[in-house]
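A look at the structure
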Amino acid sequence: MTRVAVLGGGPAGGSAALALARGGVEVDLYLPARPGEKPCGGAVPEHVLPKIDGFDPSPLPAVVSPEAVLEDSRGHRLALDLDGIRIFRRRDFDHALVEAALAAGAVPRRIKAERLERVERGVRVVAGGEGRVYDWIVGADGARGLSRRSLGLPPRGDSVGLGGSLLGIDPGLDWRRLVLAFPGMADSYLWIFPRPGGASVGIAYTPGRLTDAAARAALDRFLDDHLDEGWRDLPGPRYRYPIPVFGPWTLEAVRRGLSRRILLTGDAAAVADPLTREGIRYSLLTGLWAAGSLLAGRPEAYAERLESELREDMEKAGRARDLFFEGAIGRWALPLSRAHPGIRKVLSDLLACRQPYTGLRRRLLGAAVGLPTSRTHTPCGP
Ligand SMILES: Cc1cc2nc3c(=O)[nH]c(=O)nc-3n(C[C@H](O)[C@H](O)[C@H](O)COP(=O)(O)OP(=O)(O)OC[C@H]3O[C@@H](n4cnc5c(N)ncnc54)[C@H](O)[C@@H]3O)c2cc1C
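Residues numbered from 1 in each chain as written. Predicted model: local features only at pLDDT ≥ 70, side-chain atom pairs only at ≥ 80, totals over all residues. Heavy atoms only, no water.

The subject of this paragraph is the packing of helix 10 (residues 341-351) against helix 11 (residues 360-368). One way to put it is that helix 10 packs onto helix 11 with a least axis distance of 8 Å and a crossing angle of 155°. Relative to helix 11, the element helix 10 lies roughly antiparallel. Contacts from Gly 342, Ile 343, Lys 345, Val 346, Asp 349 and Leu 350 in helix 10 reach Leu 360, Arg 363, Leu 364, Ala 367 and Ala 368 in helix 11. Among the residues making up the contact of helix 10 with helix 11, the classes are represented as seven nonpolar, one polar and three charged. (Axes fitted to C-alpha atoms, helices over the stretch in contact; angles between N-to-C directions. Helix = DSSP H or I, 4+ residues; strand = E, 2+ residues; numbered from the N terminus. Parallel < 35°, antiparallel > 145°, perpendicular 65-115°, else oblique. Contact = heavy atoms within 4.5 Å. Nonpolar A, V, L, I, M, F, W, Y, C, P; charged D, E, K, R; others polar.)

Following this line, the structure appears as structure tokens:
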């Protein structure tokens, strides 16, 4: 029987381990002994969740379909319906997914993998002084994890999230509202995401296009504008963390991994959306696709799947990012959406991940001239 080690218990590792265990594969799941809260907004489009057979996140505490306000640097504001978005605390979400994988038969190894060694027809995982040999590894240990390091791959496609989780927020304030702001500084955007027990706040940007100091100052101004004075004293972790986005480096890295019996998934593969920097959905899906290829006995089909499912749409996302953040589209997006219900609906579908980039331009043009605005297809497969 095939033996697989999954490194990492985030969305990519959890979904891969769950699908593999349900498929009858012997799977060991390597996890840090004390998993922490991943710095992350925790927003997940609901339509992706039913794709994970054997996982029901509906009992988890979450903020569901929040009311959203968008702002741009010229003072335009737009209220938008973000129907179909569910915001979790990552600790809850990751823990529930790992528990589902263990219930399905995955074996927990509550220790971080320390070294990967190539052996004849397999890979040895060394952890805590012990070595175990597997036929295949699912690398789901993030942008700077052991899987990429052992392949000699530097982190690529790094956007950055700088921010924090603010806990114990004044319950008198309106914390059901999600705020997204586009400060007109390169490809950055700012957010306040309400979530159980507090809020996730931050700025996403690309180093090289914006300095850390400028990003930090923009975030402070934004939070001063939106939160009560004492927000700086609120407890909760602060962080600066990579968000590896999809690019030409993604498939290159995945192919190199396959040649060494490692299927890179999620942030380890760099699959986040270059425009929204949304990564959870793609981590869950790449975990499922990696597991599916192993279960079909065709691990090499994983790279083909990634290419056919993601490449075209993510390339379009990269181009849309430049138009949105640095072109006329971005400058006019909010006032046009305010004035035009059809365009507003397209923007709402895009932000709630119901509108793929493929077909976006056609739908926007159709909306502008008053044609029906149904979306082109459901993103990312059946
Ligand atoms: C500030 C910020 C906000 C974000 N907000 C959102 C959002 O709102 N929505 C969204 O969709 N995406 C968001 N993202 C992106 C999202 O967080 C990531 O794309 C997603 O978490 C990637 O999942 P993953 O499973 O690949 O990796 P991770 O979630 O990073 O999980 C990797 C796991 O591997 C473990 N690990 C590491 N090394 C080892 C080892 N050697 N052995 C065993 N385990 C190991 C780690 O402890 C970790 O648990 C955000 C990112 C940032 C930085």
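From this point on, the discussion continues.
This model, assessed by the stated rule, comprises nine aromatic pairs. With a centroid separation of 6.2 Å and an interplanar angle of 85°, the aromatic rings of Tyr 30 and Tyr 134 are classed as edge-to-face. Pair noted here: Tyr 30 is in strand 2 (residues 26-30) and Tyr 134 is in strand 11 (residues 130-134), with a separation of 104 residues, a long-range link. There is no split in this pair, since Tyr 30 and Tyr 134 are both buried. A ring pair is formed by Phe 182 and Phe 324, whose centres lie 5.2 Å apart and whose planes are at 80°; its orientation type is edge-to-face. In this pair, Phe 182 is assigned in strand 14 (residues 177-182) and Phe 324 in helix 8 (residues 301-326), connecting sequence segments 142 residues apart. Since its relative accessible area comes to 12%, Phe 182 is described here as buried. Overall, Phe 324 belongs to the buried group, its relative accessible area being 16%. (Phe/Tyr/Trp six-rings, centres within 6.5 Å; stacked < 30°, edge-to-face > 60°. Buried < 20%, exposed > 50% of the residue type's maximum accessible area, 1.4 Å probe, protein only.)

What tends to happen in soluble globular proteins is that the nonpolar side chains get buried as a cluster. Formed by 99 residues in total, the largest nonpolar core has its most connected members in Leu 20, Leu 70, Phe 93, Val 125 and Leu 264. Residue assignment places this core across two domains, with domain 1 (3-60 + 89-156 + 244-316) and domain 2 (158-242) each supplying three or more. Sequence-distant contacts of Leu 20, defined by excluding residues within four places in its chain, comprise Val 4, Val 6, Val 25, Val 27, Val 138, Ala 291, Leu 294 and Leu 295. Membership of the second largest hydrophobic core comes to 21 residues, among which are Val 179, Ala 181, Ile 192 and Leu 223. (Core = buried A, V, L, I, M, F, W, Y, C linked by side-chain atoms within 4.5 Å. Domains from an automatic or database assignment.)

Looking at the element boundaries, Asp 158 is found in strand 13 (residues 158-167). Judged by its relative accessible area of 23%, Asp 158 is partly exposed. A C-alpha to C-alpha distance of 27 Å links Asp 158 and Ala 68, two positions 90 residues apart in sequence. Sequence-distant contacts of Asp 158, that is, excluding residues within four places in its chain, are made with Arg 144, Thr 206, Pro 207, Pro 242, Ile 243 and Pro 244.

Moving on to the confidence of the model for the protein. Looking at the protein, the pLDDT average stands at 91 and 95% of residues meet or exceed 70. Residue range residues 376-382 is modelled with pLDDT below 50. Its contacts to residues more than four positions away, or to other chains, number 21 contacts. (pLDDT = per-residue confidence, 0-100.)

In the vicinity of the ligand there are 32 residues, among which Gly 41, Arg 90, Asp 267, Gly 279 and Ile 280 approach most closely. Within the contact set of the ligand, a nitrogen atom lies 3.0 Å away from a backbone nitrogen or oxygen of Ala 43. Between the ligand and the protein, one listed contact pairs a nitrogen atom with a backbone N or O atom of Gly 279 at 2.9 Å. In the complex, the protein chains occlude 90% of the 1000 Å² of accessible area that the ligand would expose alone. Residue assignment for the shell around the ligand shows that the elements contributing at least two residues are helix 1 (11-22), strand 15 (189-195), strand 17 (238-244), helix 6 (266-269) and helix 7 (280-295). Ranked by the residues each element gives to the shell around the ligand, the list is headed by strand 17, at four residues. When its residues are assigned to classes, the shell around the ligand shows 16 nonpolar, nine polar and seven charged. Per-domain counts for the shell around the ligand show at least three residues from each of domain 1 (3-60 + 89-156 + 244-316) and domain 2 (158-242). (Near = heavy atom within 4 Å. Polar contact = N/O pair within 3.5 Å; in protein donor to acceptor, adjacent residues only side chain to side chain. Areas by Shrake-Rupley, 256 points an atom, 1.4 Å probe, with all protein chains shown as cover.)

Positive phi is not limited to glycine here, since Arg 121 has a value of about 50°. Among the structural elements, Arg 121 can be located in the loop between strand 9 (115-119) and strand 10 (122-127). On the accessibility criterion, Arg 121 (65% relative accessible area) is exposed. A positive phi angle, close to 65°, is found at Cys 353, a residue other than glycine. Looking at where Cys 353 falls in the secondary structure, it is placed in the loop between helix 10 and helix 11. Judged by relative accessible area, which is 7%, Cys 353 ranks as buried.

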